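# Observations on chain architecture
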Amino acid sequence: SRVRVYGVDFTSVPGPRKPVAVAVCRLAGDILTFERLERIVSHANFERSLASPGPWIGGFDFPFTQSRRFLENIGWPTAWPAFAAHLGRMNRDAYRAALEGYKRDRVMGDREHSRGFEAGTGAASPQKLYGVPVALMLFEGVPRLHRAGVHVPGLHDGDPGRIAFEAYPGVAARALIGRAPYKTETRTKQTPALLDARRAILAALTGPAGQARFGLSVKAPGWLADDPGGDPLDALICAVQAAWGMRAQAADPTLLSRIDPVEGWIADPDVVRRLSHLI
């Protein structure tokens, strides 16, 4: 049976210059085949894509929740549906003010908390508003996932035909080629070395290293490495992580029982190995 797989490189303010990049793939057995790249230029179009009928699975590159510590300290709901609904009732300014206010009176080093499984992945705290503003991506993404009624393994029982996994390309890229940077939006920093790194990631992902790591044979064209910002490549990695997550769950019925239902998880073998040590 063939399953549609979407890899979604998300942005909190999609537009023609910086769209949401979606790698549309098909999974048949252990073969994941890239079919096309779609670009979503508005939140409304993103919502429409989430509503598209299943069966499909998607890997989404934004944090699905905050750390347990942050949620308990600030007094927001810890159960995912209630948390998502709470965010959906806030506007961006109020959300930003709440996160800034939380940090204000805390000592350095104890202002932005990571989730338990994030240590060593390179992921920024879901509270981070600047640089790569993952907190804003969470704010724009999570309520939309919730309103769309998708199923979020480990966090929320929704439509079993539309399944959303949290993905994070950075942890896979580092596993495949080490810590070499591979992308930048800044034109003056777009070097041949970064292009080489993206090509190396894609070659690893579609070669024996990717097969060994994900248990998937990935078929994808070389041009996915061309974009200096890395969005098409990241979208493909998100699709690979989603396909891996679905297969890992099927192969190990105990997997979801190892996940903190407040903090969730990232669909990646390194993260799942770390979950086993957190219990």
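This text goes with the structure placed above it.
Heads up: these notes are all about the structure in this document. Treat the numbers as computed from the prediction; the structure is a model and nothing was measured.

What follows deals with the pattern of salt bridges. Tallying each qualifying case throughout the model produces 23 salt bridges. Here Arg69 makes a salt bridge to Asp110, at a shortest N to O gap of 2.8 Å. Remark: Asp110 occurs in the loop between helix H4 (92–104) and helix H5 (134–148) and Arg69 occurs in helix H2 (residues 68–74); sequence separation between them is 41 residues. Using a relative accessible area of 42% as the deciding quantity, one classes Arg69 as partly exposed. Linked by salt bridges that have partners in common, Glu47, Arg92, Glu140, Arg144 and Arg147 make up one network.

By the element assignment, Ala175 lies in helix H6 (residues 169–177). Sequence spacing of Ala175 and Arg48 is 127 residues, and the spatial spacing of their C-alpha atoms is 34 Å.

Turning next to the layout of surface pockets. Volume-wise, the largest pocket comes out at about 890 Å³. Residue lining of the largest pocket: 40 residues in total, with Asp61, Val132, Tyr168, Lys183 and Asp234 positioned closest to the centre. At the level of elements, H5, H6 and helix H9 (231–251) are the ones that each hand at least two residues to the lining of the largest pocket. Of all the elements, H6 adds the most residues to the lining of the largest pocket, at five residues. Within this model, the second largest pocket holds a volume of roughly 320 Å³.

Criteria and thresholds
Residues numbered from 1 in each chain as written. Predicted model: local features only at pLDDT ≥ 70, side-chain atom pairs only at ≥ 80, totals over all residues. Heavy atoms only, no water. Salt bridge = Lys/Arg side-chain N within 4 Å of Asp/Glu carboxyl O. Helix = DSSP H or I, 4+ residues; strand = E, 2+ residues; numbered from the N terminus. Buried < 20%, exposed > 50% of the residue type's maximum accessible area, 1.4 Å probe, protein only. 1 Å grid on protein atoms, 1.4 Å probe; cavity = no way out; pocket = protein on both sides within 12 Å on 5 of 7 lines; lining within 4 Å. Points joined across faces, edges and corners; volume = space filled by probe spheres on them.

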